[in-house]
Amino acid sequence: IRFYNAHFRALAIDQWRHRLGEYDVAYVHGDPLLAYQVANSLVTCLRLPGPVSQESVALFDKIDCVCANGDTYRQMSALSDAVYHLPVGIDAEFFTPEGPDFRRELGLEDKTVLGYVGRLAQIKGVKELVSTFLKLAPDFPDIHLVLIGDGEMRRALQSIVKTGGLMSRCHF
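Presented here is an overview of the structure given in this document. (Residues numbered from 1 in each chain as written. Predicted model: local features only at pLDDT ≥ 70, side-chain atom pairs only at ≥ 80, totals over all residues. Heavy atoms only, no water.)

A look at the pairing of strand S1 (residues 25-29)
Consecutive side chains of a regular strand alternate in pointing toward one face of the sheet and then the other.
Line of reasoning, step 1. Pairing analysis gives 5 bridges linking S1 to strand S2 (residues 43-48), with the strands arranged parallel. In the strand pairing of S2, Val-28 is matched with Leu-46.
Line of reasoning, step 2. Handedness of the crossover is the feature at issue here: the chain leaves S1, passes through helix H2 (residues 32-38), returns alongside S2, and the resulting connection is right-handed. (Pairing = 2+ DSSP bridges. Helix = DSSP H or I, 4+ residues; strand = E, 2+ residues; numbered from the N terminus. Right-handed = clockwise from strand over helix to strand, strands pointing away.)

Looking at the sheet that holds strand S7 (residues 170-171)
Line of reasoning, step 1. Taking strand neighbours across the sheet as the criterion, the 3 strands line up as S5-S6-S7 in an open arrangement whose pairing is parallel. The open sheet has two free edges, formed respectively by strand S5 (112-117) and S7, since each of these has just one partner strand.
Line of reasoning, step 2. Bridge count between strand S6 (residues 143-148) and S7: 2 bridges; the pairing is parallel. Residue pairing in the sheet places Val-146 in a bridge with His-171 of S7.
Line of reasoning, step 3. Together, S5, S6 and S7 form the strand contacts of helix H6 (residues 126-136), whose direction differs from that of S6 by roughly 165 degrees. (Contact = heavy atoms within 4.5 Å. Axes fitted to C-alpha atoms, helices over the stretch in contact; angles between N-to-C directions.)

Focus on the pattern of salt bridges
Pairs can form between side chains of opposite charge once their charged atoms are near each other.
Line of reasoning, step 1. Tallied over the full model, the rule gives 2 salt bridges.
Line of reasoning, step 2. Salt-bridge contacts for Lys-111 lead to Asp-142; the nearest nitrogen and oxygen are separated by 3.7 Å. Of the two residues, Lys-111 sits in the loop between helix H5 (102-106) and S5 while Asp-142 sits in the loop between H6 and S6, which places them 31 residues apart along the sequence.
Line of reasoning, step 3. The class for Asp-142 is partly exposed, based on a relative accessible area of 39%. (Salt bridge = Lys/Arg side-chain N within 4 Å of Asp/Glu carboxyl O. Buried < 20%, exposed > 50% of the residue type's maximum accessible area, 1.4 Å probe, protein only.)

A few points about the environment of Ser-80
Line of reasoning, step 1. As for its placement among the helices and strands, Ser-80 is situated in the loop between helix H4 (70-77) and strand S4 (83-85).
Line of reasoning, step 2. Ser-80 sits in the partly exposed class, given a relative accessible area of 26%.
Line of reasoning, step 3. Separated by 23 residues in sequence, Ser-80 and Val-57 have C-alpha atoms that sit 9.6 Å apart.

Observations concerning the nonpolar core
Line of reasoning, step 1. Within the largest apolar cluster, 15 residues are counted, with the highest numbers of intra-cluster contacts made by Leu-46, Leu-48, Phe-60, Ile-63, Val-66 and Met-76.
Line of reasoning, step 2. Those elements that place two or more of their residues in this core are S1, H2, S2 and strand S3 (65-68).
Line of reasoning, step 3. No other element matches H2, which puts 3 residues into this core.
Line of reasoning, step 4. In this structure, Ile-63 is in contact with Pro-32, Ala-35, Tyr-36, Ala-39, Thr-44 and Leu-46, ignoring residues within four places of it in sequence.
Line of reasoning, step 5. Counting 14 residues, the second-largest nonpolar core is a separate cluster that includes Val-126, Ile-143, Leu-145 and Val-161. (Core = buried A, V, L, I, M, F, W, Y, C linked by side-chain atoms within 4.5 Å.)

Here it is, written out as structure tokens:
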């Protein structure tokens, strides 16, 4: 759960109070104060995506675990045993493609490919990616967009690309 200011934090805390019986564990993304509040009632895991402030460190003794990566993980693991490494991204050595060459299959060997892998949902910003592609395409005739995934935005995205006249350069 991600909340960026005090107003939304207050709403979230109010929602937690009314719905406590529905959950066994709370996963809070990026808001140590909200995690501290929730930890009064539930087992709480805080996901820290970025640097840790000194005021946040004081809240961690009440939170059951903290998940972080990179510099945040190194900083936090020195302060607590309840910090777990949560890798982000793809391990390129493990996921080295050995299967079919999608560039060759799609006829894109000599093209510039923009790619997206994930859920085709509003919250993921894929519509903005498609809009950016439509703006770039006239100036870059070798650029193609490959969208791998599915979701509620699929038809709308296909319609946007079709309206823009670039279905031959966008691959779903």
